[in-house]
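Listed below are the residues making up each chain.
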Amino acid sequence: MSFPYTHGEALNDVRSGTNGECAGSYLCTGAVGYDGPTGIGTPNGPTASTG
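The structure presented is a predicted model; accordingly, all values stated were derived computationally and were not measured. (Residues numbered from 1 in each chain as written. Predicted model: local features only at pLDDT ≥ 70, side-chain atom pairs only at ≥ 80, totals over all residues. Heavy atoms only, no water.)

Draft legend 1. Up close: the overall build of the protein chain. Across its full length, the protein chain holds one helix and two strands. Starting at the N terminus and ending at the C terminus, the protein chain contains elements arranged as α-β-β. Burial status across the protein chain gives 16% buried among its 51 residues. Of all intrachain contacts in the protein chain linking residues separated by at least 6 positions in sequence, the fraction that spans at least 24 positions is 41%. As displayed, the protein chain offers around 3,600 Å² of accessible surface, 57% of which is attributable to carbon and sulfur atoms. (Helix = DSSP H or I, 4+ residues; strand = E, 2+ residues; numbered from the N terminus. Buried < 20%, exposed > 50% of the residue type's maximum accessible area, 1.4 Å probe, protein only. Contact = heavy atoms within 4.5 Å. Areas by Shrake-Rupley, 256 points an atom, 1.4 Å probe, with all protein chains shown as cover.)

Right, dumping it as structure tokens:
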């Protein structure tokens, strides 16, 4: 499943925000690149599922 890693334009990188009350924790805070809440990003339309 290398498609998402080689086609970054197919994903929206969530760079900020929190998911819960553990602000600052890797598992709850969005960051540039890979983060706990969204992994490598959220789908950017149908191109994210192609491959």
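Draft legend 2. Looking closely at the pattern of salt bridges. Tallied over the entire structure, the rule returns one salt bridge. Ionic pairing is found between Asp13 and Arg15, a salt bridge with its closest N-O pair at 3.7 Å. (Salt bridge = Lys/Arg side-chain N within 4 Å of Asp/Glu carboxyl O.)

Draft legend 3. Structural context of the environment of Thr42. Its place among the elements puts Thr42 in strand β2 (residues 42–43). The exposure class assigned to Thr42 is partly exposed, which follows from its relative accessible area of 29%. Sequence separation between Thr42 and Leu11 is 31 residues; the distance between their C-alpha atoms is 5.4 Å. In this structure Thr42 touches Ala10, Leu11, Asn12 and Val14, once residues within four positions along its chain are discounted.

Draft legend 4. Quick look at the environment of Gly41. Here Gly41 shows up in the loop between β1 (11–12) and β2. Assessed through its relative accessible area of 16%, Gly41 is described here as buried. Sequence separation of Gly41 and Val14 is 27 residues, and the distance between their C-alpha atoms is 5.9 Å. When near neighbours in sequence (up to four residues on either side) are disregarded, Gly41 contacts Leu11 and Asn12.

Draft legend 5. Inspection of the confidence of the model for the protein chain at higher detail. Summary statistics for the protein chain give a mean pLDDT of 79 and a share of 80% for residues scoring 70 or more. Least confident of the elements in the protein chain is helix α1 (residues 3–6), whose mean pLDDT is 70; most confident is β1, at 87. (pLDDT = per-residue confidence, 0-100.)

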